[in-house]
Amino acid sequence: QLQSVEAGGGFVQAGGSLRLSCVASGRNFNFSAMGWFRNRAFVAGIGWNGDDKYYADSVKGRFTISRDNAKNTVFLQMNSLKPEDTGVYYCGARTQLYTIASSDWGAHAGWGQGTEVIVSA
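Report on the accompanying structure. Quantities reported herein were computed from a predicted structural model and do not represent experimental measurements. (Residues numbered from 1 in each chain as written. Predicted model: local features only at pLDDT ≥ 70, side-chain atom pairs only at ≥ 80, totals over all residues. Heavy atoms only, no water.)

1. So, the overall build of the protein
Argument step 1. Each helix and strand counted, the protein has zero helices and eleven strands in total.
Argument step 2. Ordered by position in the sequence, the α and β elements of the protein form the string β-β-β-β-β-β-β-β-β-β-β.
Argument step 3. Taken over the C-alpha trace, the protein has a radius of gyration of 13 Å; the compact-globule value for 121 residues is 14 Å, and the two agree within 12%.
Argument step 4. A principal-axis box enclosing the C-alpha atoms of the protein has dimensions of 40 × 25 × 25 Å.
Argument step 5. Within the span of the protein, comprising 121 residues, buried residues form 50% of the whole.
Argument step 6. Partitioning the intrachain contacts of the protein with sequence separation of at least 6 by distance along the chain shows that 61% fall at a separation of at least 24.
Argument step 7. For the protein, the exposed surface amounts to about 5,800 Å²; the carbon and sulfur share of it is 48%.
Argument step 8. Positive and negative charge centroids in the protein, built from 11 and 9 side chains respectively, lie 3 Å apart. (Helix = DSSP H or I, 4+ residues; strand = E, 2+ residues; numbered from the N terminus. Rg over C-alpha atoms; globule rule 2.2 N^0.38 Å. Buried < 20%, exposed > 50% of the residue type's maximum accessible area, 1.4 Å probe, protein only. Contact = heavy atoms within 4.5 Å. Areas by Shrake-Rupley, 256 points an atom, 1.4 Å probe, with all protein chains shown as cover. Lys, Arg positive; Asp, Glu negative; His and termini not counted. Charge placed at Lys NZ, Arg CZ, Asp CG, Glu CD.)

Next comes the structure, spelled out in structure tokens:
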């Protein structure tokens, strides 16, 4: 079972950028799809092989998810931030291996403490 630790949040003005990171400890990271959620709402997901990427409509074209399997890390690059992007961002691993990304919070586990993002108008 993977356990995530999120980092990279902060305070930023609208239009700014942040890069979140999620380091997952444990076995099978290379075979696990990963997801980013904001206050339990889906933001972005990446499949186990990195080819499948899935975004919430509200962030398409602004956010990019990526993974570095050598470092057991998932990233979320957030550009053109808006006040509605404000929240606590959590990273989780799909409980099934070898799967594509999912927007279902309940399909993930190993959540960390989250990292807070505040975007001012």
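2. Remarks on the packing of aromatic side chains
Aromatic ring pairs are defined here through the distance separating the ring centres and the angle between the ring planes.
Argument step 1. Under the criterion given, the structure shown has eight aromatic pairs.
Argument step 2. Both rings, one in F42 and one in Y54, keep their centres 5.0 Å apart while their planes meet at 35°; by these two values the pair is tilted. Of this pair, F42 sits in strand 5 (residues 41-46) while Y54 sits in strand 6 (residues 53-55), and the two are twelve residues apart along the sequence.
Argument step 3. Residue class for F42 comes out buried when judged on its relative accessible area of 14%.
Argument step 4. For Y54, a relative accessible area of 40% corresponds to the partly exposed category.
Argument step 5. For the pair Y90 and W105, a centre-to-centre distance of 6.1 Å together with 90° between the ring planes defines the contact as edge-to-face. Residue Y90 is found in strand 9 (residues 87-97), and its partner W105 is found in the loop between strand 9 and strand 10 (108-109); the two are separated by 15 residues along the sequence.
Argument step 6. In this structure Y90 comes out as partly exposed when scored by relative accessible area, which is 22%.
Argument step 7. In textbook terms, an aromatic cluster arises when at least three aromatic residues are bridged by ring pairs, as seen for F37, F42, Y54, Y90, W105 and W111.
Argument step 8. Directly above the ring of F75 sits R19, whose terminal nitrogen or CZ lies 3.9 Å from the centroid.
Argument step 9. Just above the ring of F29 sits the side chain of R67; from NZ or CZ to the centre is 4.6 Å. (Phe/Tyr/Trp six-rings, centres within 6.5 Å; stacked < 30°, edge-to-face > 60°. Lys NZ or Arg CZ within 6 Å of the ring centre and 35° of its normal.)

3. What to know about the state of the cysteines
Defined simply, a disulfide is a covalent bond joining two cysteines at their sulfur atoms.
Argument step 1. The tally for this structure, following the rule as stated, stands at one disulfide.
Argument step 2. There is a disulfide in this structure between C22 and C91, and the S-S distance comes to 2.1 Å. Because the sign of the S-S torsion sets the handedness, a value of about -75° for the bond joining C22 and C91 places this disulfide among the left-handed ones. With C22 in strand 3 (residues 18-25) and C91 in strand 9, this pair connects stretches of sequence that are 69 residues apart.
Argument step 3. With a relative accessible area of 0%, C22 lands in the buried category.
Argument step 4. With a relative accessible area of 0%, C91 lands in the buried category. (Disulfide = S-S within 2.5 Å.)

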